[in-house]
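Listed here are the chains, written in short residue letters.
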Amino acid sequence: MVGEMEKTIANLSSMRTHYCGHLGEDDIGKRVSVCGWVAHRREHGEYLAFVDLRDYTGIIQCVVEGSIDVRPEWVLCITGTLRHRPVGTENEYLSTGMVEITDCELEVLSKASPPPFPVEDRIEADESLRMRYRFVDLRRPKMQSNLRLRSALLQSLRRGMVDRGFCEVDTPLLWTPTPEGAREFVVPSRLRRGEFYVLPQSPQIAKQLLMVSGIDRYFQIAKCLRDEDLRADRQFEFTQLDIEASFVEAEDIRNIVADVVLEAIEAVTGSDIGPVGVLTWKEAIDRFGTDKPDTRGGMELTDLTSCFAGTSARALSAPCVKAIVVPANHGDSPLSRNMLDGLVEHAKSLGGKGLAWFRVTRGEDGSLQLESPLVKFLDDEEQGGMVDVCHADSGDIILVVADEWRTACEVLGGIRVQLLNEVLLGISNGSGKSDTVVVPDYVSDASTASKERSLLWVTDFPLFDGVDDDGNFISAHHPFTMPHPDDVGMLEDNPLNVRSLAYDLVLDGWELGSGSIRIHDPDIQRNIFRLLGLSMEAASARFGFLLDAFDYGVPPHGGFAIGIDRLTALLAGEQSIRNVIAFPKTQTGYDPVTGAPKKLSPAVLSELGITVRSPHVGQ
């Protein structure tokens, strides 16, 4: 568990003998020295004061005789004798609540201005204020815990890779443009004016070169950068465990990654989350409406297409009809009419034509009936078929989307995610509606449900993700992803149905990372380039150095990358990766601590050969 090894540290420094939170009854009678920040100061009469001193391990109460002048967040060194607290003054909420330091000698190491917000978890300050004073925010116990959990996670992942024969290799941060689809950060060259490096989106091509080099098994805790819009699970800078191995198949990589991740999760949380599930991409979309499904909470998608073949209800006349059932709450409907109207609008925002809803009731004769504005357009057979196929009962609500297969699945999948976030996990999506949802019977304890884990592989992704305006196919992963061997014959006649040897690892509905087996056959690689609209000349110009390396003997190889920020956030119970990164950017890409990005002086720009134009010039 995180922090256990730190308690064994001896000879901390010449200034202190113990961490505040590590003192206990085994230390009674010892002369101890602790250093930290003043959490609280309380006067007890004219000649006695209590100072609660805090470091990252916790708080210890210090009894100081005489008048003292200290304020919150001053930095002190306190030396004294540890004793039991007097009977009746113990604090069961503190790990050190049975002891205190007395006969104190106090040294002020640093004075402090009043903090912009209390350094306490129970008082939540505005996020913009926390970000501006991040160096204060990081003193809070929760933030300390998050960063140390991240540290322990990295140690476990690194140990797991080394134990499996992987070699840690650093790859360059100044790199060449890569074909990964996202915008790259550009770095001008002073020595080669007019030419530029980019900061790597990932070490993808570098690690493939390492496989050609015979490294065989590579890993790196890699810093990657992408100039994309920021959100809760995305920053410009992100950290990943990046791996690549030679002479492997997809299952080999998946087994290695799963074992290392499960070991790391158990090491930092003490929990064994059990086996890793497997779904194909098509199964994930068909059952959950997303390629990163959270399988907790049920509400899987049900296919109603056969129920409405030839229906006269125009809203349900489509190639595919999908439904989810929102279970009743103590026999009552879990969603109000206003909430249903909100879900209809949400479905439209997700690209759907709309959302049909049906409330299941029980008639006087005991039979199940449907209430909905659409009921008058459905015959008895269609209504009964819907109830039977959905296994619905009185009080349930059936939500239905009719459209093309993928659209119907993904729109309903988006509705499912919103309902699960707000009902099952109690997570607000920013709409402010989370406190208006009635928690149904199947979630007796939302906090317990949220601690369950859904870890699974999604495999057999499509090789191509559609066609661009010029009629060229678009890589779903990257141009070096190997097509599924069973589908290679369809590359000419049916490319959009070709599967790839790509795979994603998904935890609780968050994509932790992705990987694939790479192409090492020159004929297949040339064919893929052609389908992507790349001539051999264009391909050579973009990544000819990799193709040249392949001419000298390339082994079959594949790899994976795990997002450290996302994994840490999930294990820490955070909904934003900003809370597990020491100094994150805001959603506008601004660094509130340093003020970056900033303008450069004319002299620096001139040395780099750069001229900055107004964004309005030429418009």
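Everything quoted here is computed from the prediction, not taken from an experiment. (Residues numbered from 1 in each chain as written. Predicted model: local features only at pLDDT ≥ 70, side-chain atom pairs only at ≥ 80, totals over all residues. Heavy atoms only, no water.)

## Observations concerning helix H5 (residues 250-269)
Its 20 residues give H5 an end-to-end C-alpha distance of 28 Å, which sits within 8% of 28 Å, the value for a rise of 1.5 Å per residue. Listed as buried for H5 are Ala-250, Ile-253, Arg-254, Ile-256, Val-257, Ala-258, Val-260, Val-261, Ala-264, Ile-265 and Val-268. Gly-270 lies just past H5 and shows a positive phi near 75 degrees. (Helix = DSSP H or I, 4+ residues; strand = E, 2+ residues; numbered from the N terminus. Expected span 1.5 Å × (residues − 1). Buried < 20%, exposed > 50% of the residue type's maximum accessible area, 1.4 Å probe, protein only.)

## Quick look at the packing of helix H4 (residues 204-212) against helix H12 (residues 536-550)
Contact geometry of H4 with H12 gives a least axis separation of 10 Å together with a crossing angle of 15 degrees. With respect to H12, the axis of H4 lies roughly parallel. The hand of the H4/H12 crossing is left-handed. Two secondary-structure elements touch here, H4 through Ile-205, Gln-208, Leu-209 and Val-212 and H12 through Phe-543, Phe-545, Leu-546, Ala-549 and Phe-550. (Axes fitted to C-alpha atoms, helices over the stretch in contact; angles between N-to-C directions. Parallel < 35°, antiparallel > 145°, perpendicular 65-115°, else oblique. Left-handed = near helix turned anticlockwise from the far one by under 90°. Contact = heavy atoms within 4.5 Å.)

## Regarding the state of the cysteines
Here the structure, examined in full by the defined rule, presents 0 disulfides. Unpaired in terms of disulfides, Cys-167 finds its nearest cysteine sulfur in Cys-224, a separation of 18 Å. Residue Cys-167 is classed as partly exposed on the basis of its relative accessible area of 35%. (Disulfide = S-S within 2.5 Å.)

## Let's talk about the environment of Trp-405
As for its position among the elements, Trp-405 is in helix H9 (residues 405-424). The spatial distance from the C-alpha of Trp-405 to the C-alpha of Ile-78 is 68 Å, given a sequence separation of 327 residues. Sequence-distant contacts of Trp-405, that is, excluding residues within four places in its chain, are made with Trp-281, Lys-282, Ile-285, Asp-286, Cys-320 and Lys-322.

## Examining the environment of Pro-592
Checked against the element boundaries, Pro-592 lands in the loop between helix H13 (564-572) and helix H14 (602-608). Given the relative accessible area of 9%, Pro-592 is considered buried. In this view, Pro-592 contacts Met-131, Arg-132, Pro-584 and Thr-586; residues no more than four positions away in its chain are not counted.

## Focus: the environment of Leu-316
The topology assignment puts Leu-316 in the loop between strand S12 (302-303) and strand S13 (320-326). Residues Leu-316 and Leu-378, 62 residues apart in the sequence, show an inter-C-alpha distance of 9.7 Å.

## Thoughts on the side chain of Glu-184
Mapped onto the elements, Glu-184 comes out in the loop between strand S6 (167-168) and strand S7 (186-188). A polar side-chain atom of Glu-184 sits 3.1 Å from a polar atom in the side chain of Gln-201. (Polar contact = N/O pair within 3.5 Å; in protein donor to acceptor, adjacent residues only side chain to side chain.)

## Some details on helix H3 (residues 141-163)
The terminal C-alpha atoms of H3 lie 33 Å apart, and with 23 residues this matches the ideal 33 Å at 1.5 Å per residue to within 8%. Every buried residue of H3 is accounted for by Met-143, Gln-144, Asn-146, Leu-149, Arg-150, Ala-152, Leu-153, Leu-154, Ser-156, Leu-157, Gly-160 and Met-161. Each element contacted by the buried residues of H3 is listed here: helix H1 (127-132), helix H2 (134-137), strand S9 (217-225), strand S10 (237-246), H5 and H13. Gly-165 sits one or two positions beyond H3 and adopts a positive phi of about 80 degrees.

## A few points about the pattern of salt bridges
The final tally for this structure, using the stated rule, is 38 salt bridges. Note that Arg-130 is salt-bridged to Glu-124, the shortest N-O span being 3.3 Å. Take Arg-130: its relative accessible area is 6%, and that puts it in the buried class. When its relative accessible area of 53% is taken as the criterion, Glu-124 is described as exposed. With a shortest N-O distance of 2.9 Å, Asp-286 and Lys-322 are connected by a salt bridge. Here Lys-322 lies in strand S13 and Asp-286 lies in helix H6 (residues 281-288), a separation of 36 residues in the sequence. Asp-286 sits in the partly exposed class, given a relative accessible area of 28%. By sharing partners, the salt bridges in this structure join Asp-121, Glu-124, Arg-130, Arg-134, Asp-137 and Arg-140 into a single network. (Salt bridge = Lys/Arg side-chain N within 4 Å of Asp/Glu carboxyl O.)

## Focus on the pairing of strand S16 (residues 397-403)
Burial within S16 is extensive, with 7 of its 7 residues counted as buried. Burial along S16 is two-sided: Ile-397, Leu-399, Val-401 and Asp-403 facing one way and Ile-398, Val-400 and Ala-402 facing the other are all buried. Note that S13 and S16 share 7 bridges and pair antiparallel. When the bridges of S16 are listed, Cys-320 appears paired with Asp-403. With 4 bridges connecting them, strand S14 (residues 356-362) and S16 associate as antiparallel partners. The residue bridging Arg-359 from the neighbouring strand is Ile-397, located in S16. (Pairing = 2+ DSSP bridges.)

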